[in-house]
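The residues making up each chain are set out below.
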Amino acid sequence: MDRCVSFPRRRFLATALGAGAGGLWLPAPLLAATRALTPRQTEGPFYPVEIPADSDRNLVQVAGRPEPAAGDVVQVFGQVRDDSGRPLAGGQVEIWQCDAFGHYHHPGDRSGRADPNFQGFGRAVLDEEGRYAFRTIKPVPYPGRTPHIHFAVSGPGVVPLTTQMYLAGHPLNDRDFLYNAIRDPAARDSITVAFRAAPEIGPDIEAGRFDLVLGRSL
Ligand SMILES: [Fe+2]
């Protein structure tokens, strides 16, 4: 999902620079602010009180437990950049979500019945190209919310971002207050992900790509 909206400006700059632009000075923001920022969403009440001992990129397998998590397994992957298009190499992505039955590993979830085989939280370091990937379950609804995965992203030179990712076409999206709090349809689309069968990863796995754009802090 390339959210570059600056083609006319780029063309203009290319022309200007091409026309004997030696010594032409252009302020960095004019050259660089090309990508729409990923919209911010509330952290919600269920960020872990304590980071679990196993908080790796595979949320469907908890260390020391033989059974996998209940739910439909998906791969969520993507690339994180700043609004000039620079990959956020070495940054950090955290995700958290409820289990296949709508319960969080959190004292605020009074059921106390969260799936012990579901990690519920994972953390990844972005590679040189700003890429990440998690193995997790396809999110499900819980009372009052359409399916979503919480994301928190941070890294050098950017303003940390907390947001949520949604499932394309889910019927509850239209009634979700947080999803619809984003009024701009293009901004809403940027946090809405279509999942597809991914036989190259596994026979029963779907994959969805969620790219994020963070603002620079300098
Ligand atoms: Fe949530």
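See above for the structure.
Model, not experiment: these values are computed from the prediction.

Participant: Would you mind showing me how to read the pairing of strand 1 (residues 73-82) here?
Facilitator: Looking along a regular strand, one sees the side chains alternate between the two faces of the sheet. By the bridge criterion, seven bridges tie strand 1 to strand 4 (residues 131-137) in an arrangement that is antiparallel. Counted as the bridge partner of Phe77 is Ala133 from strand 4. Looking at chain direction, strand 1 and strand 9 (residues 206-209) are connected through four bridges and run parallel. Residue pairing across strands places Val76 opposite Gly208, the latter belonging to strand 9. Relative to strand 10 (residues 212-214), strand 1 runs parallel, the two sharing three bridges. Looking at the pairing, Arg81 lines up with Val213 of strand 10.

Participant: I would appreciate a short explanation of the sheet that holds strand 3 (residues 121-125) in the present structure.
Facilitator: The strands making up a sheet associate through backbone hydrogen bonding, with each pair oriented either parallel or antiparallel. Ordered by their spatial adjacency, five strands build an open sheet running 3-2-5-6-7, and the pairing between neighbours is mixed. The open sheet terminates on both sides in strands that have one partner only, identified here as strand 3 and strand 7 (192-193). As paired elements, strand 5 (residues 148-154) and strand 6 (residues 161-167) share six bridges and run antiparallel to each other. Note on strand 6: the bridge partner recorded for Ile149 is Met165.

Conventions adopted
- Residues numbered from 1 in each chain as written.
- Predicted model: local features only at pLDDT ≥ 70, side-chain atom pairs only at ≥ 80, totals over all residues.
- Pairing = 2+ DSSP bridges.
- Helix = DSSP H or I, 4+ residues; strand = E, 2+ residues; numbered from the N terminus.

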